[in-house]
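Structural features, examined
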Amino acid sequence: MEGRYVTVNIPGASKILTLCEVGVYVIFPDNLATGKTAIQSTTFGSWFAEQGIDFSPGFTKSSSSCSSTTAQTNPWWRVDLRYIYRVSRVVITNRLDCCPERINGTEIRIGNSLENNGNNNSICAVISSIPAGVSSTYTCNNMEGRYVNLFLPGDSKYLTLCEVEVYGEGPLLKKTLVKMKLKSSSSLSEPEMRAQLLSQLQSALAKRGISDVTLQWSQTPAAQQEVMWKEDASAQCAGGNR
């Protein structure tokens, strides 16, 4: 709905309208974190990770609108954008009711790797401080990545986030051709062997945090691979007869 004014009205006679708080929130369509999946290293009570991207800054009740880890060494929070984007900026809203200094020193990291839970990806910015209840913007200069991490190095640290917004362009769908030289005792002229090899490659990529990719043969390797294998086998036989 579009509008400038928000009115709360009770129809009828002799009515009393009592309001303790009215909050109006806007879901920004360009926010890449919208509807995505968030996780964190630990969870303090009901301060779940997804509350960091729920469009509510938690100004009235932080425990139901903000995320927080327990006190731990190197706590982290991560949102999975599902695809690779060029991230132009990240907006962080700090807690209003207390402890705004807890966020000091938090690193914003962006990339495609899940190594060390994504905390080894490149740094966009380091948060020096954010006043209580304030939203601060950090420019990331079109860094490419699927994962956005908030990482707080140190011991006995709480990582508390009341809102995380991610803006940029994408998704970036890339097509890459890979030329491989294979040595195998199995024949790649068999479709099931080719499918098995692609499956193994897909698993290897997933372990490096690269998923949502489609692998297919651009050229059937059967003929060349058969010749290589036969030549290798002949050489072994010849060597054995000497």
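Residues numbered from 1 in each chain as written. Predicted model: local features only at pLDDT ≥ 70, side-chain atom pairs only at ≥ 80, totals over all residues. Heavy atoms only, no water.

Under the annotation held in an unreviewed UniProt entry, the protein carries the name Fucolectin tachylectin-4 pentraxin-1 domain-containing protein and is attributed to Cyprinus carpio carpio. The UniProt entry for the protein carries this comment under Sequence similarities (unreviewed entry): "Belongs to the fucolectin family." What UniProt records for the protein under Subunit (unreviewed entry) is the sentence "Homotrimer." (UniProt positions renumbered as here; feature names shortened; annotations may be inferred.)

**Examining the overall build of the protein**
When its secondary structure is counted, the protein shows two helices and eight strands. Listing each helix as α and each strand as β along the protein from the N terminus yields β-β-β-β-β-β-β-β-α-α. The buried share of the protein, reckoned over its 242 residues, is 35%. Taking the intrachain contacts of the protein between residues at least 6 apart in sequence as the baseline, contacts between residues at least 24 apart amount to 74%. Put simply, the protein shows about 15,100 Å² of open surface, and 51% of that area lies on carbon and sulfur atoms. (Helix = DSSP H or I, 4+ residues; strand = E, 2+ residues; numbered from the N terminus. Buried < 20%, exposed > 50% of the residue type's maximum accessible area, 1.4 Å probe, protein only. Contact = heavy atoms within 4.5 Å. Areas by Shrake-Rupley, 256 points an atom, 1.4 Å probe, with all protein chains shown as cover.)

**Points about the state of the cysteines**
Inspection of the entire model under this criterion finds three disulfides. The disulfide that involves C98 links it to C99, with 2.3 Å between the sulfurs. The sign of the -70° torsion about the S-S bond sets the C98-C99 disulfide as left-handed. The class for C98 is partly exposed, based on a relative accessible area of 28%. (Disulfide = S-S within 2.5 Å.)

**What to know about the side chain of S67**
Structurally, S67 is set in strand 2 (residues 67-68). What S67 contacts, discounting residues up to four positions off in sequence, is Q40, W47, F48, A49, Q51, G52, W77, L159, T160 and L161.

**Some points on the nonpolar core**
In a soluble, globular protein the nonpolar side chains are often hidden away together inside. Core analysis: the biggest nonpolar cluster contains 29 residues, and W77, V90, I92, I108, L150 and V164 have the highest contact counts within it. Listing elements by their share of this core, those giving two or more residues are strand 3 (76-93), strand 4 (107-111), strand 5 (122-126), strand 6 (135-151) and strand 8 (163-169). (Core = buried A, V, L, I, M, F, W, Y, C linked by side-chain atoms within 4.5 Å.)

**Some thoughts on a nonpolar patch on the surface**
There is a patch of nonpolar side chains on the surface, built from V8, I10, L17, L19 and V22 and spanning about 400 Å² of accessible area. Tracing the backbone through its elements, the reader meets V8 in the segment before strand 1 (37-40). Under the relative-accessibility criterion, V8 is labelled partly exposed at 41%. (Patch = residues over 30% accessible without salt bridge, like charges linked within 9 Å, V, L, I, M, F, W, Y side chains within 5 Å. Salt bridge = Lys/Arg side-chain N within 4 Å of Asp/Glu carboxyl O.)

**Notes on empty space enclosed by the protein**
Across all of its chains, the model carries one cavity of 30 Å³ or more by this definition. Lining of the largest cavity is provided by N94, R95, C98, C99, P100, R102, I103 and T160. Looking at the lining of the largest cavity residue by residue, the classes come out as four nonpolar, two polar and two charged. (1 Å grid on protein atoms, 1.4 Å probe; cavity = no way out; pocket = protein on both sides within 12 Å on 5 of 7 lines; lining within 4 Å. Points joined across faces, edges and corners; volume = space filled by probe spheres on them. Nonpolar A, V, L, I, M, F, W, Y, C, P; charged D, E, K, R; others polar.)

**A look at the packing of aromatic side chains**
Counted according to the given criterion, the structure contains two aromatic pairs. Aromatic side chains F44 and W47 sit 6.4 Å apart centroid to centroid with 65° between the ring planes, which places their arrangement in the edge-to-face category. You can call F44 partly exposed: its relative accessible area is 39%. Site record: aromatic cluster; members linked through ring pairs are F44, W47 and Y158. Geometry around Y147 places R78 over its ring, the cationic atom sitting 5.7 Å from the centre. (Phe/Tyr/Trp six-rings, centres within 6.5 Å; stacked < 30°, edge-to-face > 60°. Lys NZ or Arg CZ within 6 Å of the ring centre and 35° of its normal.)

**With respect to unusual backbone geometry**
The linkage connecting G170 with the following residue, P171, adopts the cis geometry, with an omega of 5°. With respect to the helices and strands, the residue P171 is situated in the loop between strand 8 and helix 1 (191-207). Located in the positive-phi region is N74, a residue other than glycine, with phi close to 55°. Relative to the helices and strands, N74 is located in the loop between strand 2 and strand 3. The partly exposed category is assigned to N74, whose relative accessible area is 31%. For N117, which is not glycine, the phi dihedral falls at a positive 60°. As for its placement among the helices and strands, N117 is situated in the loop between strand 4 and strand 5.

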